[in-house]
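# A structural walkthrough
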Amino acid sequence: MTSLTTLEPLVLDGFREAVGREHVIESPLEVFGYSYDASFLALDRSTVPQAVVRPRTTQEISRVMAFAHQQRIPVTPRGAASGRTGGSVPLEGGIVLALDRMTSILELDTANMMVSAEPGVRTADLHDHCARQGLFFPPDPGSWKFSTLGGNVAENAGGMRAVKYGVTRDYVMGLEVVLADGSILETGGKAVKNVTGYDLTSLFVGSEGTLGIVSKALFRLRPLPKARGVIRVIFRTMDEACSAVQEMLLDGVTPSAAEIMDATCLEAVARARNTRVEPGAGACLILEIDGDGASSLEAQSLRIDTITRQAGCITFRSAASKEETEAIWAERRGLSSAVAAMAPNRLGEDISVPRSAFPEVVRRINAIASTTKLRIPVFGHAGDGNLHPSVLCDLGNPDEAARAHQAVDGIFKAALDLGGTLSGEHGIGISKRPYFADAVGPVSLATHRAIKGALDPLGLLNPGKIW
Amino acid sequence: MVTSAPKTGPAPFAAAKAKVLGCDRCGTCLPACPLFQVQDVERASARGKNALVRGLAEGLIPPDREAQEALEFCLLCRACTDACPGKVPTDEAMVQVRQALADTLGSTPLRSRWIGRVLRRRRLVGLGAATLAGLRVAELHRLLPPQLVPRETSRRAYLKKHAGPALLGASAPRPEPAVHPGAKVAYFQGCGMKMLFPDASRSTQRILAQLSPFQQPDHPCCGLPHLAHGQREAFLDLARENIQAFEDADLVVTDCASCSGSLKHLTSWFAEDPIWRGPAERFSAKVMDLTEYLVAAGYQPQRLPDATFTYHDPCHLARGQGIRQQPRQLLKQAGKLIELAEKERCCGGSGSFHLEHPEAAAAILQRKQANIEGTGAQVVVTACPGCLIQLTRAADQSEGAFQAMHISQVI
Ligand SMILES: Cc1cc2nc3c(=O)[nH]c(=O)nc-3n(C[C@H](O)[C@H](O)[C@H](O)COP(=O)(O)OP(=O)(O)OC[C@H]3O[C@@H](n4cnc5c(N)ncnc54)[C@H](O)[C@@H]3O)c2cc1C
Ligand code: SF4
Ligand code: SF4
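Residues numbered from 1 in each chain as written. Chains lettered and ligands numbered in written order. Predicted model: local features only at pLDDT ≥ 70, side-chain atom pairs only at ≥ 80, totals over all residues. Heavy atoms only, no water.

### Side note on the overall build of chain A
Where we set the bar: Secondary structure is summarised from DSSP: a helix means a run of H or I of at least four residues, a strand means a run of E of at least two, and numbering begins at the N terminus for each. Using C-alpha atoms as the atom set, the radius of gyration is obtained and then compared with a globule rule of 2.2 Å times the number of residues to the power 0.38. Only protein chains enter the accessibility calculation, which uses a 1.4 Å probe. A residue is then buried if its area is under 20% of the maximum for its type, exposed if over 50%, and partly exposed in between. By definition in these notes, contact holds between two residues if any of their heavy atoms fall within 4.5 Å. The charge count treats Lys and Arg as positive and Asp and Glu as negative. His and the chain ends do not count. Throughout, a charge is located at the NZ atom of Lys, the CZ atom of Arg, the CG atom of Asp or the CD atom of Glu.
A count of helical and extended segments in chain A gives 16 helices and 19 strands. In summary, chain A has a C-alpha radius of gyration of 23 Å against a globular reference of 23 Å for 467 residues, a match within 12%. Seen through its C-alpha atoms, chain A measures out along the principal axes to roughly 70 × 60 × 45 Å. Expressed as a percentage of the 467 residues in chain A, the buried residues total 58%. Nonlocal contacts in chain A, meaning residues at least 24 apart in sequence, comprise 72% of its contacts between residues at least 6 apart. Of the charged side chains in chain A, 47 are positive and 53 negative, and the gap between their average positions amounts to 2 Å.

Structure representation (structure tokens):
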């Protein structure tokens, strides 16, 4: 890691010229605010950037990149810094390129059901904008009220609705990307069928800011579902809950969300909300269904009732009012902090396995919990095999810290053994970098490097990430 | 894998750091913080301020004027805490860190010292409008907004405008006091009400008198401005004076949300003090906000058929004390209540914030004004003189679209 010095005044002038003086932040106190994201990384002097540059147009991004390229200055793109793996944390100084001021929704094309927007638009704002026209932008990461579209594309963010509607990648039709040297690339477009050349659009989705700067994105939309309903089902075991989800999907009843939590999570929620866990409860499913109207919801709800009964559920509650819907979702939304409140520290992970391996990976995590003598509550998106085990520990206690890291290693190993991956939605960033090479193997690693070398030969874009 | 290990740092910041330990920098508070909306730089947000606290405590940020200014840039409105999944008390951390910075840097910025001195001198405050003239002589007026003496709308003018002729001047039927019959009620008249809104304060007193005889002991400022500017000792002195001044009362009623908020929370400041802990606890337990008291006492407002209100929730009342229903209940009895969009969003007043950061405060107020105009209500009502200063300014800017009044003037 290079040591940090301030940028030469002349260099700063170059950036000021590119975006306007008031859009360059240089004060040491202000730039400190751009040294972290929502990951578990410690605050550190070495991750403070030398300046923050905030463009408002593609042309400005292009000028910034061309200048940085010429001066060999590292550039770390940043949206809202809600990433959980350190993706927008600058590791080698240089500038943070903050895209949060590019907040225009450019075109809502209702005829083609597509929308194009700048990277700094907040996910929920795009959703609301489309919903006003009866159109639906489904990706809904838990952070959607503050995360940006640029960050969503760069991390290929998923959300609770992924089980029915897929993840960000499934909606990106085309991108405008500023490359490392400042040239502007356009990929994809409104034509739904497109087999002209390599799929460059996909190359940039999930590239974590290492291949180019997303300056515009074109998304496809769906019609907005007319009605939604929420169901909460309690089971004795995680196995029963998982098999209920399998049965539903096989039966053709696809909930738009299928969130699962284990006994420890239920206990955490009960503790936080001052309620009691149902006797015998070992797992909980929170299901969202959507459809054309009340009758469609009722039909789905009936099918789900039968299936969950067969799987051995203890209680089944379908929200009858808006308040009840809110109350059930509040339980899920408050889960992460309720779990976090159970210990001084929490290492929240994000692994993904084939859906059928979900019960097995949970069993292995439980085994890891008992060998490391740590509590590891598990919750996640049962419908798509993406789960978030949280290793609860006190990092101030060196012995416990060592066991916690051992547990994290074990969790990744279990996921890979079962044909899963290191990340379902949060990306690799810095925190999972040590596991990357093992996870993908030498040929894939070399291919990744070759692509990076071709697009960013000087290695200036988001250095130090992914591998 | 790199993880955050607890570090120890400069001791003065330990208390503030302890408050923000639960912040995992998720960003949920970003859209909630009114200041981040008007200054979209990380340090303006709650997440940014909490990170600065950690940075100071871990020795990554020097405790200098720039840090002090950044941490003074907070409305203490708690919108962030409300939104935060971990309920991180950013406002409390700000109070702690301001104290630590004031201690470390020797003195707080000049303006807050002046303000502190003025409010501390009971006699000065007592002089009301004359104080303001005095401030001008002392060149302090430059710290104050152009029209510090807000153009207060009088209750009489309001009644004239909204009442049917038969109701003009009619007083509400005298209800049975429900709060501890025979309880000795005392009125805590905050500095803001006394100096800036004497007419509203008289309305409060008139209403209180309708319920039961009440005392009005001589007392100083509640101390919140001092606390907010890192003058903990001054705050504690004032608190002790207040505890003594109200020893005789069973109930201490105030029509200033900031005063009731800070007076209700004295206990924690004296938790370690063997002498004052008990008295502080007893004192805090008898403090009531005016609306809280009136509803408990069964006060029936006079109904004006033609009045339409909207209500702005003061941060210190809604989030600070959970009082949301009582003012609405009273207003619904008095006229037609139209709910305000973003009713709990801070108006940008926040003690002396609007004096120190006029531009940010004006930007926040602009949005509030648009929301008020959106309701079409004739009167925006609130229950805190701090908010009333801002809302009066909005009313002026709206060129008569609406008036701003304290709740005691319309019920
Ligand atoms: C409470 C909470 C809940 C979350 N829930 C989910 C969830 O359900 N699903 C999920 O997938 N994630 C979730 N996340 C993680 C995170 O919110 C997502 O990864 C999100 O997409 C990041 O967006 P951002 O704008 O904050 O990006 P940042 O964190 O600022 O950046 C993320 C990465 O994208 C790069 N980047 C940002 N903008 C651009 C751009 N315009 N061009 C190129 N690269 C760019 C950055 O360099 C970095 O590598 C959650 C996070 C939190 C705090
Ligand atoms: S204060 Fe709360 S909401 Fe804001 S970043 Fe910290 S944890 Fe998240
Ligand atoms: S208290 Fe209000 S102004 Fe201060 S950080 Fe929180 S939301 Fe922002």
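Next comes the rest of the account.
### What to know about helix α15 (residues 257-264) of chain B
Within α15 of chain B, 8 of the 8 residues are buried, which leaves the element mostly enclosed by the surrounding structure. If you check which residues of α15 of chain B are buried, you get Ala 257, Ser 258, Cys 259, Ser 260, Gly 261, Ser 262, Leu 263 and Lys 264 of chain B.

### Topic: empty space enclosed by the protein
Residue and element names in this part refer to chain B. Applied cut-off: Space inside and on the surface of the protein is sampled on a 1 Å grid over the protein atoms alone, with a cavity defined as a set of points where a 1.4 Å probe fits but cannot get out and a pocket as an open set with protein on both sides within 12 Å along at least 5 of 7 lines; lining residues have an atom within 4 Å of a point. Grid points are joined across faces, edges and corners, and a volume is the space filled by probe spheres set on the points. Put simply, Ala, Val, Leu, Ile, Met, Phe, Trp, Tyr, Cys and Pro go in the nonpolar bin, Asp, Glu, Lys and Arg in the charged bin, and everything else, Gly too, in the polar bin.
Counting across every chain of the model gives 6 cavities of 30 Å³ or more. In this structure, the largest cavity spans a volume of roughly 80 Å³. For the largest cavity, the full set of lining residues is Cys 33, Pro 34, Leu 35, Ala 46, Lys 49, Cys 74, Leu 75, Leu 76, Cys 77, Arg 78, Cys 80 and Thr 90. Elements represented by at least two residues in the lining of the largest cavity include exactly α2 (34-38) and α3 (46-57). Its residues assigned to classes, the lining of the largest cavity comprises 9 nonpolar, 1 polar and 2 charged.

### Examining the UniProt feature "domain: FAD-binding PCMH-type" (unreviewed entry) in chain A
This is how it is decided: UniProt positions are given in the numbering used here, feature names are shortened, and annotations may be inferred rather than shown by experiment.
UniProt records the feature "domain: FAD-binding PCMH-type" (unreviewed entry) for residues 45-224 of chain A in the present numbering. Spanning residues 45-224 of chain A, this segment combines 22% helix with 24% strand, and its end C-alpha atoms are found 46 Å apart.

### Description of the confidence of the model for chain B
Residues and elements named next belong to chain B. To be explicit about the condition: What pLDDT reports is the predictor's confidence in each residue, on a scale of 0 through 100.
Averaged over every residue, the pLDDT of chain B is 82; the share at 70 or more is 79%. Mean pLDDT per element in chain B: helix α9 (residues 129-137) is the minimum at 44, and α3 is the maximum at 96. Considering only residues more than four positions removed or in separate chains, one finds that residues 1-9, a stretch of pLDDT under 50, has 25 contacts. Interface predicted TM-score (ipTM) for the complex: 0.91; the corresponding pTM is 0.86.

### Looking at the interface of chain A and chain B
Operational definition: Here the quantity called buried area is the accessible surface, traced with a 1.4 Å probe, that two parts lose on coming together, added over both. Put simply, a salt bridge is a Lys or Arg side-chain nitrogen that is within 4 Å of an Asp or Glu carboxyl oxygen. Polar contacts, as counted here, are pairs of nitrogen or oxygen atoms within 3.5 Å of one another; within protein the pair requires one atom able to donate a hydrogen and one able to accept it, and residues that are adjacent in sequence qualify only if both atoms are side-chain atoms.
Facing the 39 residues of chain A at the interface are 33 residues of chain B. Here chain A and chain B share an interface that buries about 3,000 Å² over both sides, 57% of which is from carbon and sulfur atoms. When residues of chain A are sorted by the area they lose upon contact with chain B, Leu 29, Leu 43 and Phe 146 of chain A head the list and together hold 22% of the total. Our count for the contact surface shared by chain A and chain B stands at 6 salt bridges. A salt bridge links Asp 24 of chain B to Arg 84 of chain A; the nearest nitrogen and oxygen atoms lie 3.2 Å apart. Run the count over chain A and chain B and you get 13 residue pairs in polar contact (both at pLDDT 80 or more). Of the residues assigned to the side of chain A that touches chain B, the class counts are 17 nonpolar, 9 polar and 13 charged.

### Things to note about the side chain of Arg 232 of chain A
Residues and elements named next belong to chain A. The residue Arg 232 is located in strand β12 (residues 227-235) in this model. Assessed through its relative accessible area of 8%, Arg 232 is described here as buried. A distance of 3.1 Å separates a polar atom in the side chain of Arg 232 from a polar atom in the side chain of Glu 278. Side chain to side chain, Arg 232 and Glu 331 meet in a polar contact 3.2 Å long.

### Details of the UniProt feature "domain: Cysteine-rich" (unreviewed entry) in chain B
Residues and elements named next belong to chain B. The UniProt record marks residues 185-264 and 310-391 with the feature "domain: Cysteine-rich" (unreviewed entry), using the residue numbering of this structure. With 59% helix and 12% strand, the stretch residues 185-264 has end C-alpha atoms that lie 16 Å from each other. Each end of residues 310-391 is marked by a C-alpha atom, and these two atoms are 12 Å apart; helix forms 56% of the span and strand 10%.

### Focus: the nonpolar core
Just so we agree on the cut-off: We call a set of buried Ala, Val, Leu, Ile, Met, Phe, Trp, Tyr and Cys residues a nonpolar core when their side-chain atoms join them within 4.5 Å.
Ranked by internal contacts, the top residues of the largest apolar core, which has 120 residues, are Val 97, Tyr 293, Leu 294, Phe 309, Leu 331 and Ile 411 of chain B. What Leu 294 of chain B contacts, discounting residues up to four positions off in sequence, is Ile 207, Leu 211, Tyr 299, Leu 330 and Ile 411 of chain B. With 57 residues, the next largest nonpolar core counts Leu 249, Ala 357, Ala 414 and Ile 428 of chain A among its residues.

### Details of the pattern of salt bridges
When the charged atoms of two side chains with opposite charge come close together, those side chains can pair. Residues and elements named next belong to chain A. Evaluated as defined, the whole model comprises 47 salt bridges over all chains. Salt-bridge contacts for Arg 16 lead to Glu 26; the nearest nitrogen and oxygen are separated by 3.0 Å. You can see Arg 16 sitting in helix α1 (residues 9-19) and its partner Glu 26 sitting in the loop between β1 (24-25) and α2 (28-32), a full 10 residues away along the chain. For Arg 16, a relative accessible area of 14% gives the class buried. Its salt-bridge partner being Glu 288, residue Arg 228 comes within 3.7 Å of it at the nearest N-O pair. With Arg 228 in strand β12 and Glu 288 in strand β14 (residues 283-291), the pair connects residues that are 60 residues apart, well separated along the chain. Where salt bridges share partners, they join Asp 239, Glu 360, Arg 363, Arg 364, Lys 413 and Asp 417 into one cluster.

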